[in-house]
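Analysis of the macromolecular model
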Amino acid sequence: ANAAALLGVTTAALAKALTQRTISAGPNETISTPLAPAERVATRDALCKALYSACFLSLVADVNAAIHTDAGHLSLGVLDIYGFEIFETNSFEQLCINYCNEKLQQLFIELTLRAEQDEYVSEGIEWTPVSFFNNQIVCELIESTRPAGLLAFLDEETAFPKGTDLTFFEKVKKQLSTHAHFSATGEKDLTGTTTFTVVHYAGPVAYSPSGMLEKNRDTLYRDLTDLVTSSSLPSVAALFKP
């Protein structure tokens, strides 16, 4: 009831959107299909993530509009540091967060270490070179498309009708086995799931492939977008509108 009130919709409408999926069967015909318990959980999580993302983008747009001026240039910078995460069981969420950390580290390397030292060299300044690990190789392991990296293989298996967490694991184990920052030696987490390990700049993290395909799919059914746009609260109704 509280969630429905915050969204500006009825409790019945919210419950229906989270537990059923509406499929178009023709120009003027629809069929409602009940969702399995696991699908309902995934649907709820997808709605929460979509609302968070839409609210954040709306906030950024409002801030930009508020500080815009024709008289001069104003800017507001926000440095958002994700904490590097390593738990007893690590999944898709930790992979994404740690990937963001790798990208921030790469930005720090490029703008602070590499750029500054290159400037010293060009200006002939005497200094003691600072050695550092260039984590670009880890970024490429995760984000590369040619050759494919972890996220590319995950997207590929997610798109396959018969793709599973196991087929994703077997694929990355085979294709990335020679990478210096990847390993899949058969170690298991607390749930008994065989994991693969990425050696990040901050240290090795063992990831469980269990549930990764569904989390990557993160389907936001039309029932949910229709629910939000029907909100009695203008600020909420505007979140999912084009």
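These lines cover the structure that appears in this document, whether it is placed above or below. (Residues numbered from 1 in each chain as written. Predicted model: local features only at pLDDT ≥ 70, side-chain atom pairs only at ≥ 80, totals over all residues. Heavy atoms only, no water.)

1. As for the overall build of the protein
Short version of the rule: Where helices and strands are cited, they refer to DSSP runs of H or I of at least four residues and of E of at least two residues respectively, numbered from the N terminus. The quantity called the radius of gyration is restricted to C-alpha atoms. Its globule counterpart is 2.2 Å times the number of residues to the power 0.38. Relative accessibility thresholds used throughout: buried, under 20% of the residue-type maximum; exposed, over 50%; partly exposed, between the two (1.4 Å probe, protein chains only). Only heavy atoms enter the contact rule, under which two residues are in contact if any of them lie within 4.5 Å. The method behind every accessible area is Shrake-Rupley, applied with a 1.4 Å probe, and residues are considered shielded solely by the protein chains displayed. Positive: Lys, Arg. Negative: Asp, Glu. His and the chain ends are not part of the count. To locate a charge, take atom NZ for lysine, CZ for arginine, CG for aspartate or CD for glutamate.
Of the regular secondary structure elements, the protein holds 10 helices and 5 strands. Here the protein has a C-alpha radius of gyration of 23 Å; the compact-globule value for 242 residues is 18 Å, and the former is much larger. Expressed as lengths along the three principal axes of its C-alpha atoms, the size of the protein is roughly 75 × 60 × 35 Å. Within the span of the protein, comprising 242 residues, buried residues form 30% of the whole. Sequence separation of at least 24 residues holds for 53% of the intrachain contacts in the protein that already meet a minimum separation of 6. Here the protein has roughly 15,200 Å² of accessible surface; of this, 58% comes from carbon and sulfur atoms. Between the centroid of the 17 positive side chains of the protein and the centroid of its 29 negative side chains there is a distance of 13 Å.

2. Here we look at helix 2 (residues 11-19)
Rule in force here: Note: the arc covers the axis-to-C-beta directions of the helix.
Within helix 2 the residues assigned to the buried category are Leu-14, Ala-17 and Leu-18. Take helix 2 and look down its axis: the buried residues cluster within an arc of 95 degrees, on one side only.

3. Examining the pattern of salt bridges
Worth spelling out the cut-off: Any carboxyl oxygen of Asp or Glu within 4 Å of a side-chain nitrogen of Lys or Arg constitutes a salt bridge here.
What the rule picks out here adds up to 7 salt bridges. Here Lys-215 and Glu-93 are joined by a salt bridge, their closest N and O atoms 3.2 Å apart. Here the residue Lys-215 occupies a position in helix 8 (residues 212-217), and Glu-93 occupies one in helix 4 (residues 92-122), the gap between them amounting to 122 residues. Given a relative accessible area of 27%, Lys-215 falls into the partly exposed group. In this structure, Arg-217 engages Glu-214 in a salt bridge whose closest nitrogen and oxygen atoms are separated by 2.8 Å. Of this pair, Arg-217 and Glu-214 are both found in helix 8, 3 residues apart, which corresponds to roughly one turn of the helix. Ionic contacts of the salt-bridge type, sharing partners, join the residues Glu-156, Glu-157 and Lys-171 into one network.

4. Remarks on helix 4
Since there are 3.6 residues in each turn of an α-helix, residues three or four apart along the chain are aligned in direction. Threshold: Helix span, expected: 1.5 Å multiplied by one less than the number of residues in the helix. The term bend refers to the angle at a residue between two fitted axes, each drawn through seven residues, those ending there and those starting there.
Between its first and last C-alpha, helix 4 extends 43 Å over 31 residues, near the 45 Å set by a 1.5 Å rise per residue. Along its length, helix 4 reaches its greatest deviation from straightness, about 35 degrees, at Ile-109. Positive phi appears at Gly-124, one or two residues downstream of helix 4, with a value of about 70 degrees.

The quantities given are spatial measurements derived from coordinates; they are silent on function.
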